[in-house]
Amino acid sequence: GRLWRELALVVPGEDVIDVGGDGSINEHPRYRTGAEIRIGPIPAGELLRCLPTVCDILRGQGASVNTSCGLHVHHDMRGVHSHSGGLHILDNLRRFYALHQPTINHLLRQHRHNNTYCEPFTPQWINAWRREPVPSTRYVVVNGITRYGTVEFRQHSGSVSAPAISNWVILTQLMLNWATQARRPRFQPSADPWRAFWRALIAPNDGDGRAMRRYYLHRVRYLAKCEKREIPRLSVRKGKKDVWDRR
């Protein structure tokens, strides 16, 4: 309809965007039905450029999200998933996510911490995946490899906020980059999990990465305030010193 036509004008490529129904969304009395917006496949740079306009159009049409909505980000794994290297990448990614699951939870809405459609990682899951490369369910925080030849991140809540979506797309790509480049990683808990998480993902001279880290620092404080939950112990790097932020 009208919404699809408006979105198709700003998303580059043919048949890249689709608007359809989703039976898992709880309908709101004010709206006729729930809907799912699907974008892709599309290069990450083009996606990030068009997201602000897409979100403006959605909000202009009165679109909103509730706790039954989720944001699912797919990253292309075609060309590697059929080889042993692809399984090594997936193993690294799942174990990294499992190790940092508590930190990642602080970045996301509370109703996505233990959700039927994105179950959190546990050591039992990791051991099962090491025996069986393809999990028996796709309703986990990281689902790979999908029928599309992608690895899917499912934990983020639904959103019509371009900064929220963009930063999550970038963060999940950084996690996949780490899993791709790591050779013999050590999966051990850290006394400073916040710093360990970001240090693994962001190079010291990565200005865009540091900007994303600041975004999530503010988001953690915001979510702690609006959901009345405890603020984790955060370390903020300043010069050669670590400043502990308990605000």
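I will try to describe carefully the structure that is included in this document. Here, residues in each chain are numbered from 1, in the same order as that chain's written sequence. Local features are withheld for residues below a pLDDT of 70 in this predicted model, meaning they are given only at 70 or higher, and side-chain atom pairs are given and counted only at 80 or more; totals for whole chains, interfaces and linings count all residues. Hydrogens and water molecules were not included; the side-chain quantities draw on all heavy atoms of the structure.

Digging into the overall build of the protein
Consideration 1: When helices and strands are tallied, the protein shows eight helices and seven strands.
Consideration 2: Any residue under 20% of the maximum accessible area for its type is buried, any over 50% is exposed, and the rest in between are partly exposed; the area is computed with a 1.4 Å probe on protein chains only. The buried share among the 247 residues of the protein stands at 42%.
Consideration 3: Restricting to contacts in the protein with at least 6 residues of sequence separation, those with at least 24 account for 64%. Runs of E in the DSSP output that reach at least two residues are strands. Runs of H or I that reach at least four are helices, and both are numbered from the N terminus. Residues count as neighbours in contact if any of their non-hydrogen atoms are within 4.5 Å of one another.

Some remarks on the environment of threonine 172
Consideration 1: Structurally, threonine 172 can be placed in helix H6 (residues 162–181).
Consideration 2: The residues contacting threonine 172, other than those within four sequence positions of it, are Val73, His75 and Phe153.

So, the nonpolar core
Considering soluble globular proteins, one finds that nonpolar side chains tend to be buried as a cluster.
Consideration 1: Among the buried residues, those of types Ala, Val, Leu, Ile, Met, Phe, Trp, Tyr and Cys that are joined through side-chain atoms within 4.5 Å form a nonpolar core. Core analysis: the largest hydrophobic core is formed by 54 residues, its most contacted members being Tyr97, Leu107, Trp168, Leu171, Met175, Trp198 and Leu201.
Consideration 2: Among the secondary structure elements, those contributing two or more residues to this core are helix H2 (44–60), helix H3 (84–99), helix H4 (101–107), strand S5 (150–153), H6, helix H7 (193–201) and helix H8 (207–226).
Consideration 3: Counting residues per element, this core draws most heavily on H6, at 10 residues.
Consideration 4: Once residues within four sequence positions are removed from consideration, leucine 171 is found in contact with Leu107, Phe197, Trp198, Leu201, Met212 and Tyr216.

Notes on H2
Consideration 1: What a helix is expected to span follows from its residue count: subtract one and scale by 1.5 Å. The end-to-end C-alpha distance of H2, which contains 17 residues, comes to 24 Å, matching closely the 24 Å that a straight helix rising 1.5 Å per residue would cover.
Consideration 2: A residue's bend is simply the angle between two axes: one fitted to the seven residues ending at it, one to the seven starting at it. Remark: the principal bend of H2, roughly 40°, maps to leucine 51, with a proline, proline 52, within the next four residues.
Consideration 3: Looking one or two residues beyond H2, the residue adopting positive phi is glycine 62, at roughly 85°.

As for the side chain of arginine 229
Consideration 1: Here arginine 229 is to be found in the loop between H8 and strand S6 (234–238).
Consideration 2: Looking at arginine 229, its side chain comes within polar contact range of the main-chain oxygen of histidine 106, at 3.0 Å.
Consideration 3: Throughout this description, a polar contact denotes any pair of N or O atoms lying within 3.5 Å of each other; where both atoms belong to protein, one of them has to be capable of donating a hydrogen while the other can accept it, and for residues adjacent in sequence the pair is counted only when both atoms sit in side chains. For arginine 229, the side chain forms a polar contact with the main-chain oxygen of leucine 108, separated by 3.0 Å.
Consideration 4: Look past the residues within four positions of arginine 229 in its chain and what remains in contact with it is Asn105, His106, Leu108, Arg109, Gln110, His113, Leu223 and Ala224.

Focus on the pairing of S5
Consideration 1: Along S5, one buried face is formed by Thr150 and Glu152 and the opposite face, lined by Val151 and Phe153, is buried too.
Consideration 2: A pair of strands is treated as paired once DSSP finds two or more bridges between them. One ladder, built from three bridges, connects strand S4 (residues 142–144) with S5; its direction is antiparallel. Across the sheet, asparagine 143 pairs through a bridge with glutamate 152, a residue of S5.
Consideration 3: Between S4 and S5, which pair antiparallel and follow one another directly, the connecting turn spans five residues, one of which, glycine 149, has a positive phi of 75°.

Details of the state of the cysteines
Consideration 1: By disulfide we mean two sulfur atoms from cysteines, separated by a distance within 2.5 Å. Counted by the stated rule, this structure contains zero disulfides.
Consideration 2: Here cysteine 55 stays free of any disulfide, with the sulfur of cysteine 50 as its closest cysteine sulfur at 9.0 Å.

Re the packing of aromatic side chains
Each aromatic ring pair is characterised by the separation of its centres together with the angle its planes make.
Consideration 1: Stacked, tilted and edge-to-face are the three classes applied to pairs of Phe, Tyr and Trp rings, where Trp contributes its six-membered ring and a pair requires centres within 6.5 Å; stacked means planes under 30 degrees apart, edge-to-face means over 60, and tilted covers the rest. Under the criterion given, the structure shown has nine aromatic pairs.
Consideration 2: The rings of Phe96, Trp178, Trp194, Phe197, Trp198, Tyr215 and Tyr216 are connected pair by pair, giving a single aromatic cluster.

Topic: unusual backbone geometry
Consideration 1: For the peptide bond that leads from glycine 40 to proline 41, omega is 0°, which places it in the cis range.
Consideration 2: Note on placement: proline 41 falls in the loop between strand S2 (36–39) and H2.
Consideration 3: The backbone of lysine 228 sits at a positive phi, close to 55°, despite the residue not being glycine.
Consideration 4: The residue lysine 228 is located in the loop between H8 and S6 in this model.

Here we look at the packing of H6 against H8
Angle between the axes and distance between the axes: these two values describe a pair of packed helices.
Consideration 1: Across the interface, H6 lies against H8 with an axial gap of 11 Å and an inter-helix angle of 120°. Compared by their axis directions, H6 and H8 come out oblique. The handedness of the crossing between H6 and H8 is left-handed. Mapping the contact onto sequence places Pro163, Ala164, Asn167, Trp168, Ile170, Leu171 and Leu174 in H6 and Met212, Tyr215, Tyr216 and Arg219 in H8.
Consideration 2: Residues are grouped as follows: nonpolar covers Ala, Val, Leu, Ile, Met, Phe, Trp, Tyr, Cys and Pro; charged covers Asp, Glu, Lys and Arg; every other residue, Gly included, is treated as polar. In the contact of H6 with H8, the residues fall into nine nonpolar, one polar and one charged. For helices, the axis comes from a line fit to the C-alpha atoms of the stretch in contact; other axes are also lines fit to C-alpha atoms, and the angle between any two N-to-C directions lies between 0 and 180 degrees. For classification, angles of less than 35 degrees are called roughly parallel, those exceeding 145 degrees roughly antiparallel, those between 65 and 115 degrees roughly perpendicular, and all remaining angles oblique. For a crossing to be left-handed, the near helix must be turned anticlockwise from the far one by less than a right angle; the clockwise case is right-handed.

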